[in-house]
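Observations on chain architecture
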Protein chains: 2
Amino acid sequence: MNNRYTIGLDYGTNSVRALVVDITNGRELGTAVWNYKHGNEGVILSRDPNLARQHPADYVRGTALSIRKALTAAKRRLKGFNPEQVIGIGVDTTGSTPLPVDRNGHPLAFQKRFAKNPDAMAWLWKDHTGVAEAAEITELARKLRPQYLAKCGGVYSSEWFFSKILHCVRTNPEVAEASHLWVEIADWIPALLTGTESPDRLTVGICAAGHKAMYNAEWGGYPDAEFLGTLNPALAVLRTRLHSNAQTVDRPVGGLTKEWARRTGLREGTPVATGAFDAHLGAVGAGITGGILVKIMGTSTCDITVARNNSPFPDIPGLCGIVDGSVLPGYYGFEAGQSAVGDIFNWFVNYIRPDGKKGTHDALARAASKLKAGESGLLALDWNNGNRTILVDQRLSGLLVGQTLYTTPAEMYRALVEATAFGALTIINRFEEYGVTVEQVVNCGGIAEKNPFVMQIYADVTGRPMMVSRSAQTCALGAAIAGAVVAGKQSGGYDSFTEAQQAMTGLKNRVFKPDPAAHAVYKELYQLYRTLHDAFGTNSWHGNLYSVMKQLIEIRKGARS
Amino acid sequence: MNNRYTIGLDYGTNSVRALVVDITNGRELGTAVWNYKHGNEGVILSRDPNLARQHPADYVRGTALSIRKALTAAKRRLKGFNPEQVIGIGVDTTGSTPLPVDRNGHPLAFQKRFAKNPDAMAWLWKDHTGVAEAAEITELARKLRPQYLAKCGGVYSSEWFFSKILHCVRTNPEVAEASHLWVEIADWIPALLTGTESPDRLTVGICAAGHKAMYNAEWGGYPDAEFLGTLNPALAVLRTRLHSNAQTVDRPVGGLTKEWARRTGLREGTPVATGAFDAHLGAVGAGITGGILVKIMGTSTCDITVARNNSPFPDIPGLCGIVDGSVLPGYYGFEAGQSAVGDIFNWFVNYIRPDGKKGTHDALARAASKLKAGESGLLALDWNNGNRTILVDQRLSGLLVGQTLYTTPAEMYRALVEATAFGALTIINRFEEYGVTVEQVVNCGGIAEKNPFVMQIYADVTGRPMMVSRSAQTCALGAAIAGAVVAGKQSGGYDSFTEAQQAMTGLKNRVFKPDPAAHAVYKELYQLYRTLHDAFGTNSWHGNLYSVMKQLIEIRKGARS
């Protein structure tokens, strides 16, 4: 009974994962994934391709079942393991995924009349129905409250809190009127577990509020009622119900209720940490601290880094957000990202289906890895799904230049991988230009786990070693770490994230080291990438592209000789 | 015995074709193709990818065998057909394809010591070994004789006469010293048939000399000895052996020799017309005259038009050539072209092999034809093999912009076809900007014959009806028409090309008419194409491309709604 464990709960797009972790060394004792039952793999869709919702019933059922299964797995793995040894729970979710609730904090979707109404469900992060509203919010903020935009890269996104709410207010008055409050699921799930859903008891996390709802202590929390009321009077009413006391993940929102103790087999009163977004707790699980950039690499990427909050930081143009305490208490959290990375490779393999029937990821990566840097003569932009950082512009698209009559699928595949690496380098450079030093890059997520070819290109392009997080489940691990911190030393946990991370996180042995020759070529190619990036992506660039194709031919010639 | 026939001989890259044509109506009575035996499908290659040669023995053997077979076919087709009824012969060939010959006009390759030496063979049109020499000639002409360049678009190509000879002089002194003269095969083959190969009797055609060897009456024929001698003294010596009396295709070079009459079964003394390039006689076979643009559409295109030579014409920047009499006597001939058209579609199908195993031309064209103009959101440049007209720049490459995560192979295929159509429109516009009116576009060649999808896009993009030549063998037909003209009325032929073309050429019934709605969209897309064209292809453009992706998205939105 000496060992102590925590549970991380990771609510993704299609499923929820529960992870039981040993506090002393981060060992992952048991895990279980429960796939959401509603919609298409958990996502409710409609004829409008912008719409993407989740039914909150999936969170409730998935929480109970995934925790039970993970505990069973832990018992199987370790004789004598006892759920009583679990001393804390952490929660991470997708976001911004706001959920309309009634005056008791119960989801509208739980009411019979709204049970099948997508607008009454959780508006999933990738829901883009609020594109027009996002533009309206951006424009108004530009005029009245430029400071709001400065913290979120200059553009308010259709993926975010107020765009979604305003769209609902505009298009579904019935749901809008029935909703007393809108709650991020990152906040709602911990509240559910601790019986604090009621709006007067609800705890809000700084991560979701700060990054997606323009919450900042500088202006007293959420945007002011005058600003919100100018958008729509309903938002001014909503503002009166939004508390201005968002807190960091080292603080608990409460203890597990009797009911949830019964449903999960855990101890009643087990502290539950304030919720946060998956990428942010993923960064914690990958060992983030000052000087470390964590890249969560999947279909898209999230790039997270932190810097001590003992002096004010300048705004960084093009960043999704700079929020004090959003990742680690005592640090500013910086969030950047690429709108598509793995999705671009998937598009090429699944939509273009190149190379007869032989164009699998494995086969293309194998052939592409035999090419030298610059040998293909190709250069691509990684904007098939727009550009999140540093341009914050959805209305961009892919570009490929340098094709001859002999260009092969493997060359194209490599060019697409290189393009995402150039995009990653652009983010690193932006951080460093504004004084956020990147001393180490730690990768996690599906691509980091499974794709050494991509990792090596990233090392060669950036000229930096690419580390990979030891855990394959950094988001759930980060949530478990938050659980260990809210448990505190008195319960056998930790008093700080620093201690918890030192014990519970680590790196894989394999480090991808940059090849100096390849890096030299990529330095040249990156100049051309930046030229295209600025020419197509900014309205301040002015120039001529006459030399681009010629330089690609020269670089190709050099690589081939 | 009343009917009269002519024979057109068409020497291509892989084979020679003989075509027996009825003079009264252009009916094609018999045809035969003989595949060259040397090298790889008739082309001698080496480890240097720029090298491409032909063995002249193939011309000799192919001439005899193809004529005999074509005559046999004609006899089978028409009872009572008699080779004696053939009253004239015309010849077209690829070019510039110069052949080094000895002081008797015999190819060096026929000498035992040179039999296997590629440098002693014919240097095929697509041989690019003389890239450095071409640049040197261009630079020297720019300094000393800018007027030479003005007639050939501002750049002397590595595919042309003097680049090849100079490269041989520089790299193979043995062949260079043994060569008394270099002769275009368009001139050498008619000379062979008429026994006039000897340098003092040799007739040179204005088509090859004017377009590829900087021959112009304005400066007394070929470039002067001082200019050529500055490049290399050997060229000054060569200059003394080049006659300054190039002639048009309406004039014979002589009559068929007894020997060739015996080898072919034709009448001794049958007049043989001055030779010309395939594209130029192809234009004749497609019915070219003032106001008509003939597009020979295959792996690449040749775009030919003519204008009365009764007043001097301004030089047109970017055109491959403006030569008095190169296509029709009494007209300036204008040659333009696209370095790759069908080759780009072939690249996509054969190298990228999209859509699993289902990405055939037919399947992609079928799917692409269902899309609306602008619907894909894609835009491409047609430069995978450089740009011949109007940029005259080999050091360019392909470009595709507008890709999303849902872009399909059919959309890409259509974008590539559209790109070549935009390239075609750029050529038409250039002609018209300089006063060469294009009243009608007549297409011929493989794509015009077989690809209605491509033809429709060309109509929609250019906003002009696309006609298709009735004959599928316009080059050989044009050569046969030259044969009818050199025979003259007294032998049952014609006294002019106008008469001969009226009788012997025609159009197919199917005309591809532009769809006004599609054309309106393509007008917008063409503005974007021109922006990319000028941004990447010229050093005079100066600007910003920020709106390109956004406009493509708007056009896509419009097309989809």
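If you're wondering where the values come from, they're calculated on a predicted model, not measured in any experiment. (Residues numbered from 1 in each chain as written. Chains lettered and ligands numbered in written order. Predicted model: local features only at pLDDT ≥ 70, side-chain atom pairs only at ≥ 80, totals over all residues. Heavy atoms only, no water.)

Moving on, we get to the overall build of chain A. Counting secondary structure elements, chain A contains 20 helices and 19 strands. Relative to the globule expectation of 24 Å for 561 residues, the C-alpha radius of gyration of chain A, 23 Å, shows essentially globular dimensions. Counting all 561 residues of chain A, 65% fall into the buried class. Taking all contacts inside chain A whose residues are at least 6 apart in sequence as the whole, residues at least 24 apart take part in 72%. On chain A, roughly 20,000 Å² of surface is accessible, and the fraction owed to carbon and sulfur atoms is 49%. (Helix = DSSP H or I, 4+ residues; strand = E, 2+ residues; numbered from the N terminus. Rg over C-alpha atoms; globule rule 2.2 N^0.38 Å. Buried < 20%, exposed > 50% of the residue type's maximum accessible area, 1.4 Å probe, protein only. Contact = heavy atoms within 4.5 Å. Areas by Shrake-Rupley, 256 points an atom, 1.4 Å probe, with all protein chains shown as cover.)

Per-residue pLDDT for chain A averages 96, and the proportion of residues at 70 or more is 100%. Across the interfaces of the predicted complex, the ipTM metric reaches 0.92, alongside a pTM of 0.92. (pLDDT = per-residue confidence, 0-100.)

Across the boundary between the two partners, chain B contributes 51 residues, which contact 51 residues of chain A. Interface area, chain B with chain A, both sides summed: about 4,500 Å², of which 58% is carbon and sulfur. Considering only the surface of chain B that becomes buried against chain A, B:Arg395, B:Leu405 and B:Met549 emerge as the three largest contributors, covering 17% of it. The partner of A:Arg395 in a salt bridge is B:Glu554, and the shortest N-O contact between them spans 2.8 Å. At the level of secondary structure, the elements contributing two or more residues to the side of chain B that touches chain A comprise α12 (342–352), β17 (398–403), α14 (409–433), α19 (516–537) and α20 (546–560) of chain B. Of the residues contributing to the side of chain B that touches chain A, the split by class is 25 nonpolar, 17 polar and 9 charged. Here strand β17 (residues 398–403) of chain A runs beside β17(B); their pairing, made up of 5 bridges, is antiparallel. Its bridge partner being in β17(B), A:Gly398 is matched across the sheet by B:Gln403. (Buried area = accessible area lost by both parts, 1.4 Å probe. Salt bridge = Lys/Arg side-chain N within 4 Å of Asp/Glu carboxyl O. Nonpolar A, V, L, I, M, F, W, Y, C, P; charged D, E, K, R; others polar. Pairing = 2+ DSSP bridges.)

Right, let's talk about the nonpolar core for a bit. Residues A:Phe536 and B:Phe536 are the most contacted members of the largest nonpolar core, which totals 154 residues. Membership of the second largest hydrophobic core comes to 79 residues, among which are A:Trp160, A:Leu192, A:Leu256 and A:Ala261. (Core = buried A, V, L, I, M, F, W, Y, C linked by side-chain atoms within 4.5 Å.)

Turning our eyes to something else, we now look at the packing of helix α2 (residues 131–144) of chain B against helix α4 (residues 161–171) of chain B. All names here are of chain B. The N-to-C vectors of α2 and α4 enclose an angle of 115 degrees; their axes lie 8 Å apart at closest approach. Between α2 and α4 lies a crossing whose hand is right-handed. Across the interface between the two elements, Glu133, Ala134, Glu136 and Ile137 from α2 touch Phe162, Ser163, Leu166, His167 and Arg170 from α4. Looking at the contact of α2 with α4 residue by residue, the class counts come to 4 nonpolar, 2 polar and 3 charged. (Axes fitted to C-alpha atoms, helices over the stretch in contact; angles between N-to-C directions. Left-handed = near helix turned anticlockwise from the far one by under 90°.)

In the structure shown here, the tally under the stated rule is 42 salt bridges over all chains. Ionic pairing is found between B:Glu136 and B:Arg170, a salt bridge with its closest N-O pair at 2.8 Å. Here B:Arg170 lies in helix α4 and B:Glu136 lies in helix α2, a separation of 34 residues in the sequence. Taking the relative accessible area as the measure of exposure, B:Glu136 reaches 30% and is therefore partly exposed. Residues joined by salt bridges that share partners form a network here, namely A:Arg53, A:Asp119 and A:Asp127.

On the surface, a cluster of positive charge is made up of A:Lys37, A:Arg61, A:Lys69 and A:Arg76. With respect to the secondary-structure elements, A:Arg61 resides in helix α1 (residues 56–77). (Patch = residues over 30% accessible without salt bridge, like charges linked within 9 Å, V, L, I, M, F, W, Y side chains within 5 Å. Lys, Arg positive; Asp, Glu negative; His and termini not counted. Charge placed at Lys NZ, Arg CZ, Asp CG, Glu CD.)

All names here are of chain A. The strand order across the open sheet formed by 6 strands is β14-β15-β13-β12-β18-β19, and the pairing between neighbours is mixed. Only two strands of the sheet have a single partner each, and these edge strands are β14 (321–324) and β19 (466–468). Pairs of neighbouring strands in the sheet enclose a mean axial angle of 25 degrees, with direction left out of account. In the sheet, strand β18 (residues 440–444) pairs with β19 via 3 bridges, with the strands oriented parallel. Counterpart to asparagine 443 in the pairing with β19 is valine 468.

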